[in-house]
Amino acid sequence: MRTADGKTFDILIIGTDKGKVIRAINTAAYDSVSRVAPIIIEEIQVFDTQAAITDLKVVRTGQHHEPRLIVVSNDEIQTIPLRRCYTSSIPTCSECVALQDPYCAWNPSTSRCVTVGSVSTSSQSSLVQDIIAGYSDQCPVIGIFKGKDQDRVQLESKLKPIGPKVGVSQSVVGVYS
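Notes on the structure follow. (Residues numbered from 1 in each chain as written. Predicted model: local features only at pLDDT ≥ 70, side-chain atom pairs only at ≥ 80, totals over all residues. Heavy atoms only, no water.)

Scanning the model with the defined rule gives 3 disulfides in all. In this model C85 forms its disulfide with C104; the gap between the sulfur atoms is 2.0 Å. Because the sign of the S-S torsion sets the handedness, a value of about -80 degrees for the bond joining C85 and C104 places this disulfide among the left-handed ones. Residue C85 is located in the loop between β6 (77-81) and α1 (93-98), and its partner C104 is located in strand β7 (residues 104-107); the two are separated by 19 residues in the primary sequence. In this pair, the class of C85 matches that of C104, namely buried. Covalent S-S linkage joins C93 and C139, the inter-sulfur distance amounting to 2.1 Å. For the disulfide bridge between C93 and C139, the dihedral angle about the S-S bond is near -60 degrees, and by the sign convention the bridge is left-handed. Note that C93 is positioned in helix α1 and C139 in the loop between β8 (112-115) and α2 (148-158), a separation of 46 residues in sequence. (Disulfide = S-S within 2.5 Å. Helix = DSSP H or I, 4+ residues; strand = E, 2+ residues; numbered from the N terminus. Buried < 20%, exposed > 50% of the residue type's maximum accessible area, 1.4 Å probe, protein only.)

Here we come to the environment of R60. In this fold, R60 is placed in the loop between β4 (53-59) and β5 (68-73). In this structure, the C-alpha to C-alpha distance between R60 and L82, residues 22 residues apart in sequence, is 9.7 Å.

In a structure, side chains of opposite charge can pair up when their charged atoms sit close to one another. Counted by the stated rule, this structure contains 3 salt bridges. Two residues, E43 and K20, come together in a salt bridge whose shortest N-O distance is 2.8 Å. Of the two residues, E43 is situated in strand β3 (residues 38-45) and K20 in strand β2 (residues 20-26); the sequence distance between them amounts to 23 residues. A salt bridge links D101 to R23; the shortest N-O distance between them is 2.4 Å. Of the two residues, D101 is situated in the loop between α1 and β7 and R23 in strand β2; the sequence distance between them amounts to 78 residues. Classification of R23 by relative accessible area gives buried; the value is 3%. (Salt bridge = Lys/Arg side-chain N within 4 Å of Asp/Glu carboxyl O.)

What follows is the structure, encoded as structure tokens:
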């Protein structure tokens, strides 16, 4: 995945034997093949039965449709959005940047968290995104969002799920739904 600033990150999509899908990246991968700094972007409980996920497939259905992830178990098939940045539960620049999701960036002209690919290539340089640190000085300070660690603690308590049940990984806060 190419970010708004042109860096490339591999996104790992992992299916677990407990019915969860985990999306993760190595934040050090854009400039190093030997350093590892993993971040879990999202952890979603897809199947209520906690059935083992046996297959995952990314499907791109057309130019005007968002890609979807097909999640398969022995008894069920579910589909979920691959990119989940475009929601009212991510109302601020700080929250959007704290996601550390290469698909997501803050668009200052619309004051919305958007999918990087939804903005023309020529306009992507104006997007606010920081995959490595998860915060940006370009985000307006609105009281509670000051320091890097505060962003993450505050963010976790403010976000609301928009789709399947979401569990927050204990290794990373800033996970969103």
